Structure formats: C-alpha cells, structure tokens
Amino acid sequence: MKARMTIAAAACAVLAGAAGAQAAGDAAAGHALARQWCSGCHVVDNSGQGPDTAPPFAAIAKSHGNDRGWVRAWLAAPHPSMPSLNLTRQQTDDVIAYLESLPLR
Ligand code: HEC
C-alpha cells in the first residue's frame, strides 16, 4: 500500500514535470544522465578527461548543437558502433538540453 502511494506520487511528479517543460528538456538532468549513460564512451564534460572512442559532447554540440532533430534522430535510431540506449522522450529532451547548454566553441 505504501509502495503504491509512492509510485502514484512519483508518477504525478513526472507528469507535472512533463507538463511544465514540454519541449524544453532539463539540462541538469541531461548532464547527470550523460555522466551515467554516455561517459563510458564520450567525454561529456568540458574537462576533456575521458575516453576518446567517440566524439566528445563538446564536438557534438559544435556540429549538431543547433539541430535538435538530428540529435533526436541519432538517439532514436540504432547505430552499430553505439548501443541502443532506449532513452525516453524526456531523457532525450534532457540530453539535448544539456548539449545545447555547452558552449559552441
Ligand atoms: C558504448 C559506447 C557508447 C555509449 C555508451 C554512447 N555512445 Fe554515442 N557514440 C559512440 C560511438 C562509437 C559514436 C560514433 C559513431 C559513428 O560515428 O559512427 C557515437 C556517436 C554519437 C553521436 C553522433 C556524433 C556525431 O557528431 O556524429 C551522438 C549525438 C551520440 N553518440 C550521443 C550519445 C549519447 C547522448 C549517449 C548517452 C545517452 C551516448 N552517445 C552513449 C559510442 C557510444
């Protein structure tokens, strides 16, 4: 019973968040997600520290930072050299918001 209440509360919070920030993702959430899910292959911070098996996020921001559609399509489609991450729409928006928050050097 208690668990069910918690799940309902969490669902409400998610719905409220989604309604509040429709298309705009949350860059901070995207950053956290990128650190967790993408940093095994991509340098996701501006520190420059990390693996170089994939283009660093700073470079992706530079080449595709103004093209949400491209990044969305990339993340939605499977790529042989990158695992299919099955991000939700909100997670995709968050990651895109984070990419857009990086300086376009
Ligand atoms: C297991 C390794 C791996 C993980 C984890 C990974 N990627 Fe990648 N990613 C790659 C590789 C390798 C490429 C380059 C593929 C190519 O160019 O064909 C790539 C390319 C990309 C590109 C296209 C870059 C460009 O300019 O062509 C984007 C965008 C991207 N990754 C985003 C992400 C995001 C966001 C995450 C986390 C949610 C993530 N990746 C997690 C390996 C990974």
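Nothing here was measured: the structure is a model prediction, and the numbers come from that model.

> Explanation requested: the overall build of the protein chain in the structure shown.
Scanning the protein chain from N- to C-terminus turns up 5 helices and 0 strands. Each helix and strand of the protein chain, placed in order from N terminus to C terminus, yields the pattern α-α-α-α-α. In the protein chain, which comprises 105 residues, the proportion classed as buried is 19%.

> Just to check I follow, could you spell out the site of the ligand for this structure?
Residues in contact with the ligand amount to 22 residues; listed here are only the nearest, Cys-38, Cys-41, Ala-54, Ser-81 and Met-82. Counting only elements with at least two residues in the shell around the ligand, the list comes to α2 (27-37), α3 (57-64) and α4 (68-76).

> Can you walk me through the nonpolar core in this structure?
As a rule of thumb, soluble globular proteins bury nonpolar side chains together. By size, the foremost hydrophobic cluster in this structure holds 12 residues: Leu-33, Val-43, Val-44, Phe-57, Ala-58, Ala-61, Val-95, Ile-96, Ala-97, Tyr-98, Leu-99 and Leu-102. Those elements giving two or more residues to this core turn out to be α3 and α5 (89-101). Residue contributions to this core peak at 5 residues, all from α5. Apart from residues no more than four positions distant in its own chain, Leu-33 is found in contact with Gln-91, Asp-94 and Val-95.

> What is the right way to read the confidence of the model for the protein chain from this model?
Keep in mind that low pLDDT regions are not for reading the predicted coordinates in detail. The predicted model of the protein chain averages 77 in pLDDT, with 75% of residues at 70 or higher. Within the protein chain, the element-level pLDDT minimum falls on helix α1 (residues 2-20), averaging 50, and the maximum on α2, averaging 93. For the stretch residues 12-22, pLDDT sits under 50, and the model shows 2 contacts to residues farther than four places along the chain or on other chains.

> How do you make sense of the packing of α2 against α5 when you look at a structure like this?
Axes are the key here: two packed helices are described by the angle between their axes and the distance separating the axes. It is at 7 Å that the axes of α2 and α5 come closest, and there the two elements cross at 100°. The pairing of α2 with α5 is recorded here as roughly perpendicular in orientation. Contacts between α2 and α5 involve Ala-27, Ala-29, Gly-30, His-31, Leu-33 and Ala-34 on the former and, on the latter, Gln-91, Asp-94, Val-95, Ala-97, Tyr-98 and Ser-101.

> So what exactly am I meant to see when it comes to α5 here?
Note that an α-helix has 3.6 residues per turn; residues three or four places apart therefore point the same way. With 13 residues, α5 should cover 18 Å at 1.5 Å per step; its first-to-last C-alpha distance of 18 Å lies within 8% of that length. Among all positions of α5, only Thr-92, Asp-93, Asp-94, Val-95, Ile-96, Ala-97, Tyr-98 and Leu-99 are buried. Buried-residue contacts for α5 involve α2, α3 and α4.

> What's the story with the environment of Asp-26 in this structure? I'm lost.
Here Asp-26 lies in the loop between α1 and α2. The class of Asp-26 is partly exposed, set by 19 C-beta atoms lying within 10 Å.

> I'm lost on α2 in this one. Help?
The complete set of buried residues in α2 reads Gly-30, His-31 and Leu-33. For α2, the arc enclosing every buried residue in end-on projection is 165°, short of the 170-degree limit, so these residues lie on one face. Away from the buried face of α2 by more than 90 degrees, exposed residues Ala-28, Arg-35 and Gln-36 are located. Summarising the contacts, the buried residues of α2 are in contact with α5.

> Would you explain the packing of α4 against α5 in this entry?
Running from amino to carboxyl end, α4 crosses α5 at an angle of 135°, the nearest separation of the two axes being 10 Å. Taken together, α4 and α5 sit at an angle that is classed as oblique. For the pair α4 and α5, the sense of crossing is right-handed. Along the contact surface, α4 presents Arg-68, Val-71, Arg-72 and Leu-75, while α5 presents Thr-92, Ile-96 and Leu-99.

Each value, and the rule that gives it
- Residues numbered from 1 in each chain as written.
- Predicted model: local features only at pLDDT ≥ 70, side-chain atom pairs only at ≥ 80, totals over all residues.
- Helix = DSSP H or I, 4+ residues; strand = E, 2+ residues; numbered from the N terminus.
- Buried ≥ 20, exposed ≤ 12 C-beta atoms within 10 Å, placed from the backbone.
- Near = placed C-beta within 6 Å.
- Core = buried A, V, L, I, M, F, W, Y, C linked by C-beta atoms within 7 Å.
- Contact = placed C-beta atoms within 7 Å.
- pLDDT = per-residue confidence, 0-100.
- Axes fitted to C-alpha atoms, helices over the stretch in contact; angles between N-to-C directions.
- Parallel < 35°, antiparallel > 145°, perpendicular 65-115°, else oblique.
- Expected span 1.5 Å × (residues − 1).
- Arc of directions from axis to C-beta.
- Left-handed = near helix turned anticlockwise from the far one by under 90°.

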